[in-house]
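# Structural overview
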Amino acid sequence: MKCRVCREPAVIDIRRHNANFCRDHFLRYCRDQVQRAIDEFEMAAPGEQLLVAVSGGKDSLAVWDLLLELGYQADGLYIGLGIGGYSDVSGEYARAFAEQRNLHLIEIDLRSEHGFDIPTASAVTRRVPCSACGLSKRHLFDGAARAGGYDAVVTGHNLDDEAAVLYGNVLRWQTDYLGRQRPTLRAANGFPRKVKPLVRLTERETAAYCILRGIDYQVEECPMAAGNKHLRYKDALNEVEAQSPGTKHDFYFRFLRQAVDRFVDADRDASTLEPCVRCGSPASGEVCSFCRLIERTADARPVPVEFLTRRKSKK
Ligand code: SF4
Ligand SMILES: [Zn+2]
Ligand SMILES: [Zn+2]
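Below is a summary of the structure that appears in this document. Predicted model, so just to flag it, every value in this text is computed and none were measured.

## Observations regarding the overall build of the protein
Tallying secondary structure elements over the protein gives 14 helices and 10 strands in all. For a compact globule of 315 residues, the expected C-alpha radius of gyration is about 20 Å, and the protein comes in at 20 Å, within 12% of that figure. Principal axes of the C-alpha set define a box for the protein whose edges measure 65 × 40 × 40 Å. Taken over 315 residues, the protein has a buried fraction of 42%. The long-range share in the protein, meaning contacts at least 24 apart out of those at least 6 apart in sequence, stands at 70%.

The structure is reproduced here in structure tokens:
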């Protein structure tokens, strides 16, 4: 197996491009794919201040590293979700990455700053943990970007993530979600611009990127993700991809080219949002969903993460 560019021994094969690369040319391929996504979807301009949502996993650390390599200015934001040992370890990886490179990492701790954690919020609302988690992360990333004057929030969603979400949304024709699947969501209604520069890279490629760049990351999956339907959608798409390399890419990028404009983004296209009376974030009612979550969990006894994972494994 030889590198497509220099004919030296290759370290990775990328079947959907019918290409193999050595270490250096693979790293260049990753940078090129990210720059291409940034340019094609107008994600960021030179000189802008970016805020990367950092989880401590491979994708968020890879995107932070790639943006810096490409010359962008990017700080990180880590949210302590209170998901037991998983959150403790994830925070350590995020901190170590920032410290080693002398980068600015903002930290928000849900429990000490807002009075709840994800397992408790899930138990109180009787909904899957990812629901309270997604809501909290969106709210806190948006708020931090506004407060810090950042031009855009960057997330580490990769091609596998976006194709799996699209697959799930199409299976149920969730048209309100389809409108939000662009890799760049423009700033509007008090929401900052949101961008996903890794949409041209797969999970396997971001993992390989981290290994080749010597980036240590949290390899464990979040314990709340077990049984998550997106993991099943990923498995289903991986089976198709194994038979027909490139299907995942075409599924997502043809959707962007041919269909996404038919759907609206309720957050950005709506004209009815008003500032939340408690925190000032854009809200569809008087009080935003995050402030309602704070209220609902205010008197709840903390629920340990093991309680939810045990309950799940019994089902
Ligand atoms: S799997 Fe769900 S609960 Fe865990 S970090 Fe992701 S969104 Fe949050
Ligand atoms: Zn090479
Ligand atoms: Zn609010």
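Text resumes after the structure shown.
## Some remarks on helix H2 (residues 58-69)
For H2, with 12 residues, the first-to-last C-alpha span of 16 Å sits near the 16 Å given by 1.5 Å per residue. Within H2, 10 of the 12 residues are buried, which leaves the element mostly enclosed by the surrounding structure. Of all the residues in H2, the buried ones are Lys 58, Asp 59, Ser 60, Leu 61, Ala 62, Val 63, Trp 64, Asp 65, Leu 66 and Leu 67. Following H2 by one or two positions, Gly 71 has its phi on the positive side, about 95 degrees.

## Concerning unusual backbone geometry
One non-glycine residue, Asn 18, lies in the positive phi region at around 50 degrees. We note that Arg 126 has phi near 55 degrees; this positive angle belongs to a residue other than glycine. Mapping Arg 126 onto the fold places it in the loop between helix H5 (118-125) and helix H6 (129-148). Among the residues examined, Arg 126 registers 6 C-beta atoms within 10 Å and is labelled exposed.

## Some details on the sheet that holds strand S8 (residues 193-195)
If you walk across this open sheet you meet the 6 strands as S5-S4-S3-S6-S8-S7, and the pairing is mixed. With partners counted over all chains shown, the strands left at the sheet margins are strand S5 (105-109) and strand S7 (184-185), one partner each. As judged from the 5 bridges shared by strand S4 (residues 73-80) and S5, these two strands associate in the parallel manner. Considered in S5, the bridge of Gly 76 is made with Leu 105. Strands strand S3 (49-54), S4 and S5 of the sheet are contacted by helix H3 (residues 84-101), whose axis makes an angle of about 160 degrees with S4. The strands touched by H6 within the sheet are S3, S4, S5 and strand S6 (152-154), with S3 carrying the most contacts at an inclination of about 155 degrees.

## Some details on the site of ligand 1
In the region of ligand 1, the neighbouring residues are Ile 118, Pro 129, Cys 130, Cys 133, Gly 134, Cys 222, Met 224 and Ala 225. Broken down by element, the shell around ligand 1 gets its largest block of residues, 4 residues, from H6. Counted by class, the shell around ligand 1 contains 7 nonpolar, 1 polar and no charged residues.

## Quick word on the packing of H2 against helix H9 (residues 203-213)
H9 packs onto H2 with a crossing angle of 65 degrees between their chain directions and a minimal axis gap of 9 Å. As for the relative orientation of H2 and H9, their crossing is left-handed in sense. Listed contacts from H9 to Lys 58, Asp 59, Leu 61, Ala 62 and Asp 65 of H2 are Thr 206, Ala 207, Tyr 209, Cys 210 and Arg 213. Considering only residue class, the contact of H2 with H9 consists of 5 nonpolar, 1 polar and 4 charged.

## Description of the packing of H6 against helix H13 (residues 289-297)
At a minimum axis distance of 9 Å, the contact between H6 and H13 shows a crossing angle of 125 degrees. Judged by the inter-axis angle, H6 sits oblique to H13. Crossing angle aside, the handedness with which H6 passes H13 is left-handed. Contacts from Ala 132, Leu 135, Ser 136 and His 139 of H6 reach H13 at Ser 289, Phe 290 and Leu 293. Residue classes in the contact of H6 with H13 are distributed as 4 nonpolar, 3 polar and no charged.

## Here we look at the nonpolar core
By size, the foremost hydrophobic cluster in this structure holds 76 residues, and its most contacted members are Leu 50, Val 52, Leu 67 and Val 154. Ignoring any residue separated from it by four or fewer positions in sequence, one finds Val 52 in contact with Ser 60, Val 63, Trp 64, Leu 67, Ala 74, Gly 76 and Val 154.

## What about the environment of Leu 105?
Looking at where Leu 105 falls in the secondary structure, it is placed in strand S5. Residues Leu 105 and Cys 6, 99 residues apart in the sequence, show an inter-C-alpha distance of 38 Å.

## Description of the pairing of S4
For a regular strand, side chains alternate in direction, first toward one face of the sheet and then toward the other. As paired elements, S3 and S4 share 6 bridges and run parallel to each other. Residue pairing for S4: Val 54 is matched across the bridge by Tyr 78. Where the polypeptide runs from S3 across H2 and back to S4, its parallel neighbour, the crossover connection is right-handed.

## Regarding helix H7 (residues 159-171)
Look at H7: 18 Å from first C-alpha to last across 13 residues, which is about the 18 Å you get at 1.5 Å a residue. Counting buried residues along H7, 10 of its 13 residues qualify, which places the element largely inside the surrounding structure. Where H7 is concerned, the buried positions are Leu 159, Asp 160, Asp 161, Glu 162, Ala 163, Ala 164, Val 165, Leu 166, Tyr 167 and Asn 169. Next to the buried residues of H7 lie helix H8 (175-178), H9, helix H10 (229-243) and helix H11 (247-258). Trailing H7 by a residue or two, Trp 173 shows a phi angle of about 45 degrees, which is positive.

Procedures and definitions
Residues numbered from 1 in each chain as written. Chains lettered and ligands numbered in written order. Predicted model: local features only at pLDDT ≥ 70, side-chain atom pairs only at ≥ 80, totals over all residues. Helix = DSSP H or I, 4+ residues; strand = E, 2+ residues; numbered from the N terminus. Rg over C-alpha atoms; globule rule 2.2 N^0.38 Å. Buried ≥ 20, exposed ≤ 12 C-beta atoms within 10 Å, placed from the backbone. Contact = placed C-beta atoms within 7 Å. Expected span 1.5 Å × (residues − 1). Pairing = 2+ DSSP bridges. Axes fitted to C-alpha atoms, helices over the stretch in contact; angles between N-to-C directions. Near = placed C-beta within 6 Å. Nonpolar A, V, L, I, M, F, W, Y, C, P; charged D, E, K, R; others polar. Left-handed = near helix turned anticlockwise from the far one by under 90°. Parallel < 35°, antiparallel > 145°, perpendicular 65-115°, else oblique. Core = buried A, V, L, I, M, F, W, Y, C linked by C-beta atoms within 7 Å. Right-handed = clockwise from strand over helix to strand, strands pointing away.

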